[in-house]
Amino acid sequence: MVLAQLGESLVGALAQMAKSTVVDDKVVVDCLNDVSRALLQADVRFETVRAVQASIGSAVVNLQSLAAGTDRRRAIKHAVVDELRRMLDPAAGGGTGKPPPFFVPRKGRKPASVVMFVGLQGSGKTTTCVKYADYHRRTGFSPALVCADTFRAGALDQLRQNAAKAGIPFYGSYTESDPVRVAVEGVDRFRNADQAAAAEGCDLIVVDTSGRHSQEAALLEEMRQLAEATRPDLVVLVMDATIGQAAFDQALAFKQSVEVGAVIVVTKMDGHAKGGGGALSAVAATKSPVIFIGTGEHIADLEAFDARSFVSRRLLGMGDLPGFMDKIEDAMTTMTMAADQGQEGLEQQLLHELTTVKGASFTFTLRALYSLFRLVQRMGPLGHLVSFLPAGLLGDKGKQEEEGQQDKIKRYMTIMDSMSAAELDGADPMKLMMTKQQQSRINRVARGSGRPVSQVVELLQEHKRMAEMLSELAPAHVKRKRPNNKHIKRRLFNTSC
Ligand SMILES: Nc1nc2c(ncn2[C@@H]2O[C@H](COP(=O)(O)OP(=O)(O)OP(=O)(O)O)[C@@H](O)[C@H]2O)c(=O)[nH]1
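Each chain carries its own residue numbering, running from 1 in the written order of its sequence. Note on the predicted model: pLDDT of at least 70 is required for a residue's local features to be given, and 80 or more for side-chain atom pairs to be given and counted; whole-chain, interface and lining totals, by contrast, use all residues.

J.: I would appreciate a short explanation of the overall build of the chain in the present structure.
T.: Helix and strand assignments follow DSSP, with helices taken as H or I runs no shorter than four residues and strands as E runs no shorter than two, numbered in order from the N terminus. Along the backbone of the chain there are 23 helices and eight strands. In this scheme every C-beta is placed from the backbone, and a residue whose C-beta has 20 or more other C-beta atoms within 10 Å is buried, one with 12 or fewer is exposed, and one in between is partly exposed. Taken over 497 residues, the chain has a buried fraction of 43%. Contact criterion: two residues are in contact if their C-beta atoms, reconstructed from the backbone, are within 7 Å. Intrachain contacts of the chain at a sequence separation of at least 6 include 74% that bridge at least 24 residues.

J.: Explain the site of the ligand here, please?
T.: Taken together, 21 residues lie near the ligand, and Gly-124, Thr-126, Thr-127, Gly-211 and Gly-294 sit nearest. Per-element accounting of the shell around the ligand gives the leading share, three residues, to helix 5 (residues 125-138). Any residue qualifies as near a molecule or strand once its backbone-derived C-beta atom lies within 6 Å of it.

J.: What is the right way to look at the nonpolar core in this model?
T.: Taken as a class, soluble globular proteins show a tendency for nonpolar side chains to be buried jointly. By definition, a nonpolar core groups buried Ala, Val, Leu, Ile, Met, Phe, Trp, Tyr and Cys residues that are joined through C-beta atoms within 7 Å. In terms of nonpolar packing, the biggest core is built from 92 residues, with Leu-145, Ile-205 and Val-266 touching the most fellow members. Element by element, the count of residues in this core is highest for helix 4 (residues 72-88), at seven residues. In this structure, this core is formed jointly by two domains, domain 1 (1-88) and domain 2 (113-324), each of which donates at least three residues. Phe-364, Tyr-412, Ile-415 and Met-416 belong to the second largest nonpolar core, which has 19 residues in total. Note that the domain bounds reflect an automated or database-derived domain assignment.

J.: Is there a simple way to think about the packing of helix 5 against helix 6 (residues 155-166) in this case?
T.: A pair of packed helices can be characterised by two numbers: the angle between their axes and the separation between those axes. Here the axes come from fitting lines to C-alpha atoms, over the contacting stretch only for helices, and the angles between their N-to-C directions go from 0 to 180 degrees. Where helix 5 contacts helix 6, the two axes come as close as 10 Å, and the packing angle between them is 20°. Taken together, the axes of helix 5 and helix 6 are roughly parallel relative to one another. For helix 5 against helix 6, the interelement crossing comes out right-handed. For the pair helix 5 and helix 6, contact is made by Thr-126, Cys-129, Val-130, Ala-133, Asp-134 and Arg-137 and by Ala-155, Gln-158, Leu-159, Asn-162, Ala-163 and Ala-166, respectively. By the definition adopted for this analysis, an angle is roughly parallel if under 35 degrees, roughly antiparallel if over 145, roughly perpendicular if from 65 to 115, and oblique otherwise. Helix crossings are classified by the rotation of the near helix relative to the far one: an anticlockwise turn of less than a right angle makes the crossing left-handed, while a clockwise turn makes it right-handed.

J.: Is there a simple way to think about the pairing of strand 1 (residues 113-118) in this case?
T.: Remark: a regular strand shows side chains that alternate across the two faces of the sheet. Burial analysis of strand 1 places six of its six residues in the buried class, the great majority of the element. The alternating pattern of strand 1 places Ser-113, Val-115 and Phe-117 on one face and Val-114, Met-116 and Val-118 on the opposite face, and all of these are buried. Two elements, strand 1 and strand 4 (residues 204-209), share five bridges in a ladder whose sense is parallel. Along strand 4, the bridge assignment pairs Met-116 with Val-207. Two strands are counted as paired when DSSP detects at least two bridges linking them.

J.: Help me understand the environment of Leu-315 in this model?
T.: With respect to the helices and strands, Leu-315 occurs in helix 12 (residues 307-315). Taking the C-alpha atoms as reference, Leu-315 lies 8.2 Å from Val-11; in sequence the two are 304 residues apart. Apart from the residues within four sequence positions on either side, Leu-315 is in contact with Leu-6, Gly-7, Leu-10, Leu-84 and Phe-310.

J.: Looking at this structure, how should I read unusual backbone geometry?
T.: Across the chain, the bulk of peptide bonds are trans and the bulk of non-glycine residues have phi less than zero. Between Lys-110 and Pro-111 the backbone carries a cis peptide bond, its omega angle lying at -5°. We note that Arg-231 has phi near 45°; this positive angle belongs to a residue other than glycine.

J.: How do you make sense of helix 11 (residues 276-285) when you look at a structure like this?
T.: Note that an α-helix has 3.6 residues per turn; residues three or four places apart therefore point the same way. Burial of helix 11 is extensive: 10 of the 10 residues sit out of reach of the surface. The set of residues buried in helix 11 consists of Gly-276, Gly-277, Gly-278, Ala-279, Leu-280, Ser-281, Ala-282, Val-283, Ala-284 and Ala-285. Trailing helix 11 by a residue or two, Lys-287 shows a phi angle of about 60°, which is positive.

J.: Can you help me understand helix 4 in this one?
T.: Multiply 1.5 Å by the residue count of a helix minus one, and that product is the helix's expected span. Over its 17 residues, helix 4 extends 24 Å from the first C-alpha to the last, a length consistent with the 24 Å expected when each residue adds 1.5 Å. What helix 4 keeps buried is the set Ile-76, Lys-77, Ala-79, Val-80, Val-81, Glu-83, Leu-84, Arg-85, Arg-86, Met-87 and Leu-88.

Here is the structure:
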């Protein structure tokens, strides 16, 4: 089952429960069965599904003691979401706060950090090396690439060409067949020996190694020798998501033979890839951290992996507010945001609220939604950001929908342009405008904006849904400490904080 289908099945299971008038034992058991079935169909290991089911079950049993009036539906939904997060990141207990248990490269580090990529043939190592180097280049690193794959004939040219495309310095040899020697020469060149290269300020050396189809022992031995000779700060295993549950054995074999941090990139997690859920949960069961997922063949198709964001955004389409803010911050780091220093009041306030999380005190009005759209539009390629907003708000998340989503944002903004201040600033515009007496206001806004009445109603409904989702997401966001808030605030509001 592809990930999108898993997401749909999970959302379906939760929606079914939400429809029930009374949340009794039968409803809970049905919901749990639906969730388990969806996970099994997505190739998640049976042991993992059983553990997930038991954990949700015990969380739900505790619900019985909740005071009458407590929203049990919401509590069950949270239990399911939390358990899915834990399933994908058991080491971090659902992805909250702990410092990563592996080496993280630092900008400007001398000597340069060395990160070595290993994995089976065709897993996507070479592609991922370039993506990884480019990902860091975009955030201010000065990376370099070294090709130690002397096994596959085309690997050198593939890496050389892609490095050139990304504007990243490269080292490789057409004549040397010993991977260890090439790797050492390459690392030396960028790290110490070559003064010219050192002067370029290289701070991250990414080493691509060769893969094997079946001779795993030979692969592991070569990897061991390479690690001994180049002393990498981090060894990254690249695994193909389409192998599903087999990722468990592969990750374990790797963990047992490598000396440096066992960190994993899972590639081919694109919309149509089978086995994504199975591979991710299998890797997680080995307690090896997944740091990135590959989501396509292009150089920018690499996403930092965060279990929390993955479940909310990719599986359940609930949006990911902290992730959204991270993306905004990324965009700000790579773009000069001088023009945005003059942002108007509400936009500043909105960002302030989202980044510093006063959360509960902030009313998500239609005007706030308008400002959010303006922010999204300013922050560059829309497709990059919209997937962090609840799926219902802007339709499906696929890249092909990008254009439609842009149009939808513009349409919604046009409709809001025809609303009164009271409607834009009201705490519950849906209630304000959808009463019988106010029907004429909806007609008037529709006429004024040149849009059909149905689209005005659709906007009001989506706004309400998003306001509810934001209030649900707020507590998790409050808990998550964002180390870069100061940086955001300083750049946006030009204040020292
Ligand atoms: N759809 C998709 N394809 C990917 C992704 N990552 C890599 N690929 C494709 O997978 C194929 C193999 O990728 P390579 O990077 O050559 O794999 P490798 O592990 O270096 O292979 P060897 O050098 O033979 O060991 C290529 O066609 C890549 O374009 C991804 O995230 N999504």
